[in-house]
Amino acid sequence: MERLGIDIGGSGIKGAPVDLEKGDFSRERLRIPTPDPATPKAVAAMVRDITRHFKWDQPLGCTFPAVIKKGIACSAANVDPAWLGTDGEALIREVTGCPTLLLNDADAAGIAEMEYGAGKDRKGVVIMLTFGTGIGSAIFIDGVLVPNTEFGHLEVRGKDAEHRASARIRKEKNLGWKKWAVVVNEFLQRMEILFSPDLFIFGGGVSRRHEDFFHYLKTKAEISPAVLENRAGIIGAALAAYRAFK
Ligand code: BGC
C-alpha cells in the first residue's frame, strides 16, 4: 500500500510516496523551497506541483507546523499569519484534486516513530519532541495520539520553551551541547511534572547528534533518538492519510 506524504516546513516543502509496509519512501523524495511569503495559496501551489511530479491522484497526507483542527490552521507561531483560520486541508484538496488530510508536523513525525521507529510497540506515555525552528510535540498514551499538544509553547522561566531550547536557538546563541542541555533539561522536567512519561523520543536534526548531548540529560524517563530522522514527517503524514481514507 502506498500513500503520498508531504511535509511543509519553513525552508522546504518535501514529498514522497511511501510504502506503508516498509515504512519508507518508495520513490525518491522531491524538495521544493518554501515560497516567500509562504501564504496558503503559494504553499498549496507547491503541494500541487509535488502531486503532479509523482502523477498522484490518490489520498495524500500533509503536515503543517501549526495547530490543525478539522483541516483549519488554528495557530501561526512560525508561519505566515495568513494561515490563521485557513482551511488548508480544503485548499490543498481543491488544488490537487486528491482526498487530503492535513495534520500537525510533530504529530505526523510521532505517528511514524510509533509505527516504525523508536516508539514501536511502546505502551504507556510516550512524548515525541522535534527540535528545529520551534519545538514540536506529540504525546501518545498506549499508542493513541492526543493531537496538537504544542508543548514547545509551555512557559519556562517566563518564556516559550521553544524560545529557549529549540535547535534554532542553540545555533543562534552558539550554545555548546552541555549549555543547551541545561535549558532542555528544564523543559523536560516541566513535562515530567505534568505527564510522568515513560519515554521521550528526540527528533529533528539533533537526533543524529544524540551522542553529543544525551549524557547531559536528566530525566526519569527513558530517552531515545528518533530513528526515521527527517523522513518521519512525510512517512507519518502518508500513514495518517492511509488510516483516514481506508
Ligand atoms: C508550532 C508547532 C510545531 C512546532 C514544530 C511550533 O512553533 O507551534 O505547531 O509543531 O513549531 O514545527
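What counts as what
- Residues numbered from 1 in each chain as written.
- Predicted model: local features only at pLDDT ≥ 70, side-chain atom pairs only at ≥ 80, totals over all residues.
- Heavy atoms only, no water.
- Helix = DSSP H or I, 4+ residues; strand = E, 2+ residues; numbered from the N terminus.
- Buried < 20%, exposed > 50% of the residue type's maximum accessible area, 1.4 Å probe, protein only.
- Salt bridge = Lys/Arg side-chain N within 4 Å of Asp/Glu carboxyl O.
- Domains from an automatic or database assignment.
- Contact = heavy atoms within 4.5 Å.
- Buried area = accessible area lost by both parts, 1.4 Å probe.
- Polar contact = N/O pair within 3.5 Å; in protein donor to acceptor, adjacent residues only side chain to side chain.
- Nonpolar A, V, L, I, M, F, W, Y, C, P; charged D, E, K, R; others polar.
- Near = heavy atom within 4 Å.
- Axes fitted to C-alpha atoms, helices over the stretch in contact; angles between N-to-C directions.
- Parallel < 35°, antiparallel > 145°, perpendicular 65-115°, else oblique.

1. A short note on the overall build of the protein chain
- A tally of regular secondary structure across the protein chain gives 8 helices and 15 strands.
- Taken along the three principal axes of its C-alpha coordinates, the protein chain extends 50 × 40 × 30 Å.
- When burial is assessed residue by residue, the protein chain has 56% of its 246 residues classed as buried.

2. Here's the deal with unusual backbone geometry
- Residue Pro37 follows Asp36 across a cis peptide bond; omega there is 0°.
- By secondary structure assignment, the location of Pro37 is in the loop between strand 4 (30–33) and helix 1 (40–53).
- Backbone geometry places Lys70, a non-glycine residue, at a positive phi of 45°.
- Given a relative accessible area of 79%, Lys70 falls into the exposed group.

3. Some thoughts on the pattern of salt bridges
- For the coordinates displayed, the defined rule picks out 10 salt bridges.
- Three or more residues are tied together by salt bridges with common partners; here these are Arg157, Arg164 and Glu186.

4. Observations regarding the domain arrangement of the protein chain
- Looking at the protein chain, the domain boundaries give domain 1 (2–107 + 231–244) and domain 2 (121–226).
- With 9 residues of domain 1 in contact, the opposing surface of domain 2 contributes 15 residues.
- Both sides together, the interface formed by domain 1 and domain 2 hides about 790 Å², and carbon and sulfur atoms give 47% of it.
- Sorting the residues of domain 1 by area buried against domain 2 places Asn78, Ala106 and Asp107 first, and these three jointly supply 61% of that buried surface.
- Our enumeration of links across domain 1 and domain 2 arrives at 0 salt bridges.
- Applying the counting criterion to the domain 1 and domain 2 interface returns 3 residue pairs in polar contact (both at pLDDT 80 or more).
- Counting only elements with at least two residues in the side of domain 1 that touches domain 2, the list comes to strand 6 (68–69) and helix 3 (105–116).
- Taken together, the residues that form the side of domain 1 that touches domain 2 break down as 5 nonpolar, 2 polar and 2 charged.

5. A closer look at the site of the ligand
- Lining the immediate environment of the ligand, one finds Pro65, Ala66, Ala77, Asn78, Asn104, Asp105, Ile135, Gly136, Glu150, His153 and Glu162.
- Note that an oxygen atom of the ligand is positioned 2.5 Å from one of the side-chain N or O atoms of Glu150.
- The separation between an oxygen atom of the ligand and a polar side-chain atom of Glu162 is 2.9 Å.
- Here the residues of the shell around the ligand sort into 4 nonpolar, 4 polar and 3 charged.
- Domain assignment of the residues forming the shell around the ligand places at least three in each of domain 1 (2–107 + 231–244) and domain 2 (121–226).

6. Here's the deal with the packing of helix 3 against helix 8 (residues 232–244)
- At a minimum axis distance of 7 Å, the contact between helix 3 and helix 8 shows a crossing angle of 85°. Classified by the angle between their axes, helix 3 and helix 8 sit roughly perpendicular to one another. Across from Ala108, Ala109, Ile111, Ala112, Glu113, Glu115 and Tyr116 in helix 3, the residues of helix 8 making contact are Ala232, Gly233, Ile235, Gly236, Ala237, Leu239, Ala240 and Arg243.

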